[in-house]
Amino acid sequence: AVRLLQWASFLKAAPLLLFAGAGLLLFRDDLPMPGALPPLSALEASALVVFYAFVGFENVMVAAGETRDARRTIPRALVQTIVATAAFYFLIQLAYTAVAPAPRAEAPMIAFGAAIAGAAGAVVMTLTALASLVGNLHSNLLSTPRMTEAMAVQGLLPGWFARIDPRTGTPGNAILFFTVAA
């Protein structure tokens, strides 16, 4: 499960980094200069998009009980994730503004890919979006059953959901139920 999540993360991050690097190289003369802050209404709309982009890191806490040396590992992972994600998104946004694909495109990242590599770039960005969706769904598949198991331990759900697989140490029934339901 973790390997699949790693591959989904790689398949969504690698093309974005590749296209951001290509965009910065190809359009380096068009890099924007810092300007005034946007009006509050545009800032608010942007905040919603940025919030969604960063959401998900908190799910690491759900599996903390299965993590070795969680007191040391979890805070380090959270800080590293926040720093890496901020740098990642800064790079992508900088390249996007340098490339400046079609204004108000309905699918901005696909337009970004097309501006750099034509139809092939649009296809790569579409596949990247699909990899991102698979990673998001798979991440939920890993974290949500842990909440279901915790609710069963507290007596809020039937005890069947709290059964821990002796071989893997994971809430097998909760994972099975969520997988079938999803």
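**Some points on the packing of helix α1 (residues 2–26) against helix α3 (residues 70–99)**
Here is step 1 of the chain: Two elements in contact, α1 and α3, have axes separated by 8 Å at closest approach and are oriented at 45°. Judged by the angle between their axes, α1 and α3 are oblique. Taken as a pair, α1 and α3 cross one another with a handedness that is left-handed. Facing α1, whose interface residues are Ala13, Leu16, Leu17, Ala20, Gly23 and Leu24, α3 presents Phe88, Leu91, Ile92, Leu94, Ala95 and Val99.
Here is step 2 of the chain: Its residues assigned to classes, the contact of α1 with α3 comprises 11 nonpolar, 1 polar and no charged.

**Concerning the nonpolar core**
Here is step 1 of the chain: Counting 11 residues, the largest nonpolar core consists of Leu16, Phe19, Ala20, Leu24, Phe88, Ile92, Ala95, Val99, Phe112, Ile116 and Met125.
Here is step 2 of the chain: Contributing elements (two or more residues each) for this core: α1, α3 and α4 (108–153).
Here is step 3 of the chain: Apart from residues lying up to four places away in sequence, Phe19 is in contact with Phe112, Gly113, Ile116, Ala117, Gly121, Val124 and Met125.

**Observations regarding the confidence of the model for the protein chain**
Here is step 1 of the chain: Looking at the protein chain as a whole, the pLDDT averages 84, with 87% of positions reaching at least 70.
Here is step 2 of the chain: Summarising per-element confidence for the protein chain, the mean pLDDT is lowest in helix α2 (residues 40–54) (69) and highest in helix α5 (residues 172–181) (90).

**Focus: the packing of α1 against α4**
Here is step 1 of the chain: Relative to each other, α1 and α4 sit at 155°, their axes nearing to 8 Å. Taken together, the axes of α1 and α4 are roughly antiparallel relative to one another. Crossing geometry of α1 relative to α4 is assigned as left-handed.
Here is step 2 of the chain: Split by residue class, the contact of α1 with α4 holds 18 nonpolar, 8 polar and 1 charged.

**Quick look at a nonpolar patch on the surface**
Here is step 1 of the chain: A cluster of nonpolar residues, Val123, Leu127, Leu130 and Leu133, forms a patch on the protein surface that exposes about 380 Å² of accessible area.
Here is step 2 of the chain: Summarising the element assignment, Leu127 is placed in helix α4.
Here is step 3 of the chain: Classification of Leu127 by relative accessible area gives exposed; the value is 52%.

**Concerning α4**
Counting along an α-helix, one turn takes 3.6 residues, and residues three or four places apart therefore face a common direction.
Here is step 1 of the chain: Here α4 is 46 residues long, yet its end C-alpha atoms lie only 45 Å apart, well below the 68 Å a rise of 1.5 Å per residue gives.
Here is step 2 of the chain: At Ala117, α4 is bent by approximately 145°, the largest bend along its length.
Here is step 3 of the chain: Phi for Gly155, located one or two positions after α4, is positive at around 85°.

Cut-offs used in this document
- Residues numbered from 1 in each chain as written.
- Predicted model: local features only at pLDDT ≥ 70, side-chain atom pairs only at ≥ 80, totals over all residues.
- Heavy atoms only, no water.
- Axes fitted to C-alpha atoms, helices over the stretch in contact; angles between N-to-C directions.
- Helix = DSSP H or I, 4+ residues; strand = E, 2+ residues; numbered from the N terminus.
- Parallel < 35°, antiparallel > 145°, perpendicular 65-115°, else oblique.
- Left-handed = near helix turned anticlockwise from the far one by under 90°.
- Contact = heavy atoms within 4.5 Å.
- Nonpolar A, V, L, I, M, F, W, Y, C, P; charged D, E, K, R; others polar.
- Core = buried A, V, L, I, M, F, W, Y, C linked by side-chain atoms within 4.5 Å.
- Buried < 20%, exposed > 50% of the residue type's maximum accessible area, 1.4 Å probe, protein only.
- pLDDT = per-residue confidence, 0-100.
- Patch = residues over 30% accessible without salt bridge, like charges linked within 9 Å, V, L, I, M, F, W, Y side chains within 5 Å.
- Areas by Shrake-Rupley, 256 points an atom, 1.4 Å probe, with all protein chains shown as cover.
- Salt bridge = Lys/Arg side-chain N within 4 Å of Asp/Glu carboxyl O.
- Expected span 1.5 Å × (residues − 1).
- Bend = angle between axes of the 7 residues up to and from the residue.

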